[in-house]
Amino acid sequence: MILVLDFGSQYTQLIARKIRSLHVFAEIYPFNTPMEAIKSRAPKGIILSGGPASALKKGSPKLSGELFKLGIPVLGICYGMQLMAKMFNGELARADIREYGRSEMKALADSPLFAGIPRSPVVWMSHGDSVKKLPPGFRRLAISRDCPIAAMAHKTKPFFGVQFHPEVHHTQKGIKILGNFAKKICREKGDWKMSAFVKSAIIELKKQTASHRVLCGISGGVDSTVLAALLHKAIGKRLKPVFVDNGVLRKNEAQIVLSRFEKLKIPVKFIDASQHFLEKLKGVRHPEKKRRIIGREFVNVFFTELKQGELLAQGTLYPDVIESVSVKGPSATIKTHHNRVKEILKLEKENRLVEPLKDLFKDEVRELGAELGLPQDVLWRQPFPGPGLAVRIIGSVTPRRLDILREADAILIEEIKKADLYSKIWQSFCVLLPIQTVGVMGDERTYDNVVAIRAVKSVDGMTADWVRFPGGLLARISSRIINEVKGINRVVYDISSKPPGTIEWE
């Protein structure tokens, strides 16, 4: 397998995900993992991730020099390259011009790392420091317009560094570069499959849960459905699935979810807590407060079902974890996720939290679900946030505003499905804005709400771009929403990418 040492980059898990997509197993460990633990995993190669720190500053994350004495290939990415250069007595400096986003690399020398790669590919940069002078024994492989050493390699040893991020979707042939490292340089066979993950996950779940019953929160989304199916396969009747109506679900969501699990022959307990949640959200406008309230109350409801000695399972994925709290490296917190509130963290410390999907991305979860035999309409259901429509209503959440958003959102999804685009879009939804605008309907003046449409395409949810709808579709959606949903007189379309924006508005 390939070991990824995490220095806190928001993209670290993308490295492992891309490596695994090549059927090569990859694991992420903290940058300060003891050398004995690294040796015990017997990796075929090691990748040093990027990170937010500056290798020029005192106290920045460091690495043991023993790593380079293991006799295995090492690839440093961004901060990882800078750290490698520093450890081999190269020189670093603050870049005169910082590079963020799209850039063009120019290869200057042949290397197995760049085999089959265009001489001038588009790459994704994100750095303020750069290698100013090569370490002794290294050679320069590439440059970019603003970076004099965009890639380097040791002349005799299998040590490589790239200033750009090959793991990011926008880097041309980035997967090929990672594949060259894993297969040509590390000589991995590429025979790891999702079926292997299923087998190991079932063994681990049986070991982790022992004879305990496991309470599992069901939302109806891909993550929790795959989680329930995996748990059901691993522990059978010891699984206790519970579905909570938190009052901020989409139109007819509860009925659809319960019907789906009935078809899967997994019994689910239904709890209608909608009024309770809406009362707690009354008057709350700040998105972080909404998330915390929903997370807290969700836990409170579950604690009424969680008995002494039982465990709690969640369908947490890596993007949830990395955006909320530094788990494997010193990454920056982006926003609080409902499944990382303090009560959940307390359960984690008590070893009562079961999260077998937490190192996977959405596309891998879908692959896992297919391996478990789940139907396509479940696997290709678009992501829906844990806080539900509460974070798609900007401002206060009220029954009236929920009704307006539900109706608009249902029309949007219906039209996207009619156009055969639903499974081709990562996420599509409506956002109710906290403003009203003047309109004219039936020769009368209106002063009603504005709805924004958000539709993005993405590979992994870490980066995303807005969808260019075919001609006429946006017009049909807008016309239907304005004509059929009382209380809306204007529809706008969000054309922001991620970054700089997030997919959800709150």
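Everything that follows concerns the structure shown earlier in this document.
The present account deals with the structure reproduced in this document. Note that this is a predicted model, so its numbers are computed, not measured.

Thresholds, definitions, all that
- Residues numbered from 1 in each chain as written.
- Predicted model: local features only at pLDDT ≥ 70, side-chain atom pairs only at ≥ 80, totals over all residues.
- Heavy atoms only, no water.
- Helix = DSSP H or I, 4+ residues; strand = E, 2+ residues; numbered from the N terminus.
- Rg over C-alpha atoms; globule rule 2.2 N^0.38 Å.
- Buried < 20%, exposed > 50% of the residue type's maximum accessible area, 1.4 Å probe, protein only.
- Contact = heavy atoms within 4.5 Å.
- Pairing = 2+ DSSP bridges.
- Right-handed = clockwise from strand over helix to strand, strands pointing away.
- Patch = residues over 30% accessible without salt bridge, like charges linked within 9 Å, V, L, I, M, F, W, Y side chains within 5 Å.
- Areas by Shrake-Rupley, 256 points an atom, 1.4 Å probe, with all protein chains shown as cover.
- Salt bridge = Lys/Arg side-chain N within 4 Å of Asp/Glu carboxyl O.
- Lys, Arg positive; Asp, Glu negative; His and termini not counted.
- Charge placed at Lys NZ, Arg CZ, Asp CG, Glu CD.
- Expected span 1.5 Å × (residues − 1).
- Axes fitted to C-alpha atoms, helices over the stretch in contact; angles between N-to-C directions.
- Parallel < 35°, antiparallel > 145°, perpendicular 65-115°, else oblique.
- Nonpolar A, V, L, I, M, F, W, Y, C, P; charged D, E, K, R; others polar.
- Core = buried A, V, L, I, M, F, W, Y, C linked by side-chain atoms within 4.5 Å.
- Polar contact = N/O pair within 3.5 Å; in protein donor to acceptor, adjacent residues only side chain to side chain.

1. With respect to the overall build of the protein chain
Link 1 in the chain: Looking only at helices and strands, the protein chain has 15 helices and 18 strands in total.
Link 2 in the chain: Against the compact-globule benchmark of 23 Å for 506 residues, the protein chain has a radius of gyration of 25 Å, which places it among compact chains.
Link 3 in the chain: Scored against the burial criterion, the 506 residues of the protein chain give a buried share of 58%.
Link 4 in the chain: Within the protein chain, residue pairs in contact and separated by at least 24 positions form 74% of the contacts whose partners lie at least 6 positions apart.

2. Description of the environment of Val491
Link 1 in the chain: Secondary-structure assignment places Val491 in strand E18 (residues 488–493).
Link 2 in the chain: Linking Val491 and Arg102, residues 389 residues apart in sequence, is a C-alpha distance of 32 Å.
Link 3 in the chain: Not counting chain neighbours up to four residues away, the residues in contact with Val491 comprise Val451, Ile453, Ser478, Ile481 and Ile482.

3. Some details on the pairing of strand E12 (residues 269–272)
Link 1 in the chain: In the sheet, strand E11 (residues 239–245) pairs with E12 via 4 bridges, with the strands oriented parallel. Considered in E12, the bridge of Val242 is made with Lys269.
Link 2 in the chain: The β-α-β motif built from E11, the intervening helix H7 (residues 253–263) and the parallel element E12 has right-handed crossover chirality.

4. Observations concerning a positive patch on the surface
Link 1 in the chain: Residues Lys173, Lys176, Lys183 and Lys184 make up a contiguous surface patch of positive charge.
Link 2 in the chain: Examined against the element boundaries, Lys176 turns out to sit in helix H4 (residues 174–185).

5. Structural notes on the pairing of strand E2 (residues 26–30)
Link 1 in the chain: As judged from the 5 bridges shared by strand E1 (residues 2–6) and E2, these two strands associate in the parallel manner. Across the sheet, residue Ile2 finds its bridge partner in E2, namely Ala26.
Link 2 in the chain: Where the polypeptide runs from E1 across helix H1 (residues 12–21) and back to E2, its parallel neighbour, the crossover connection is right-handed.

6. Re helix H9 (residues 287–303)
Link 1 in the chain: The end-to-end C-alpha distance of H9, which contains 17 residues, comes to 24 Å, matching closely the 24 Å that a straight helix rising 1.5 Å per residue would cover.
Link 2 in the chain: Of the positions making up H9, those classed as buried are Glu288, Lys290, Arg291, Ile293, Ile294, Gly295, Glu297, Val299, Val301 and Phe302.
Link 3 in the chain: Its buried side turned inward, H9 meets strand E10 (214–218), E11, E12, helix H8 (274–281), strand E13 (311–313) and helix H11 (342–349).

7. Observations regarding helix H14 (residues 399–418)
Link 1 in the chain: Across its 20 residues, H14 extends 29 Å between first and last C-alpha, which sits within 8% of the 28 Å expected from 1.5 Å per residue.
Link 2 in the chain: Looking at H14, one finds that the buried residues are Arg401, Leu402, Ile404, Leu405, Arg406, Ala408, Asp409, Ile411, Leu412, Ile413, Glu415 and Ile416.
Link 3 in the chain: Check the buried side of H14 and you find it contacts H8, strand E15 (427–441), strand E16 (444–457), helix H15 (473–484) and E18.
Link 4 in the chain: Looking one or two places after H14, you find Asp420, whose phi comes out positive at around 60°.

8. Re unusual backbone geometry
Link 1 in the chain: Here Lys498 and Pro499 are connected by a cis peptide whose omega angle stands at -15°.
Link 2 in the chain: Topologically, Pro499 is positioned in the segment after E18.
Link 3 in the chain: Following Pro499, the chain continues to Pro500 via a peptide bond in cis, the omega torsion being 15°.
Link 4 in the chain: Although it is not a glycine, Asn351 sits at a positive phi angle of roughly 60°.
Link 5 in the chain: In this structure, Asn351 sits in the loop between H11 and strand E14 (353–354).
Link 6 in the chain: By relative accessible area, which is 63% here, Asn351 ends up exposed.

9. Observations concerning the packing of helix H5 (residues 194–209) against helix H6 (residues 222–235)
Link 1 in the chain: In the contact formed by H5 and H6, the axes pass within 9 Å of each other and the chain directions differ by 70°. On the basis of their axis angle, the class for H5 and H6 is roughly perpendicular. Residues Ala201, Ile202, Leu205, Lys206 and Thr209 of H5 touch H6, and the partners they reach there are Leu230, Leu231, Lys233, Ala234 and Ile235.
Link 2 in the chain: Partitioning the contact of H5 with H6 into residue classes produces 7 nonpolar, 1 polar and 2 charged.

10. Comments concerning the packing of H9 against H11
Link 1 in the chain: Running from N to C, H9 and H11 point in directions that differ by 50°, and their axes come no closer than 8 Å. When the axes of H9 and H11 are compared, the pair comes out oblique. Contacts between H9 and H11 involve Arg296, Val299 and Phe303 on the former and, on the latter, Glu343, Ile344 and Leu347.
Link 2 in the chain: Among the residues forming the contact of H9 with H11, the class breakdown is 4 nonpolar, no polar and 2 charged.

11. Quick word on the side chain of Ser111
Link 1 in the chain: With respect to the helices, strands and loops of the structure, Ser111 is situated in the loop between strand E5 (91–107) and strand E6 (122–133).
Link 2 in the chain: Setting aside residues up to four positions removed in sequence, Ser111 forms contacts with Arg139, Leu141 and Phe160.

12. Details of the nonpolar core
Link 1 in the chain: Val244, Val248, Cys430, Phe469, Ile481 and Ile488 are the most contacted members of the largest nonpolar core, which has 49 residues in total.
Link 2 in the chain: If one sorts the elements of this core by residue count, H14 sits on top with 8 residues.
Link 3 in the chain: Among residues more than four places away in sequence, those in contact with Ile481 are Ala408, Ile411, Cys430, Ile488 and Val491.
Link 4 in the chain: Counting residues in hydrophobic clusters, the runner-up holds 36 residues, among them Cys216, Leu227, Val354 and Leu360.

13. Notes on the environment of Asn483
Link 1 in the chain: Here Asn483 is to be found in helix H15.
Link 2 in the chain: Each C-alpha atom, one on Asn483 and one on Gly373, is 41 Å from the other, the two residues being 110 residues apart in sequence.
Link 3 in the chain: Only 2.7 Å separates the side chain of Asn483 from the backbone oxygen of Ser479, close enough to count as a polar contact.

14. Overview of the sheet that holds E14
Link 1 in the chain: Spatially, E12-E11-E10-E13-E14 is the arrangement adopted by the 5 strands of the open sheet, whose pairing is parallel. Every interior strand has two partners, whereas the edge strands, E12 and E14, have only one.
Link 2 in the chain: Pairing geometry for E10 and E13, over 3 bridges, is parallel. Directly across from Cys216, in E13, lies its bridge partner Ala313.
Link 3 in the chain: Most of the contacts of H6 go to E10, to which it runs at about 155°, and overall it touches E10, E11, E13 and E14.

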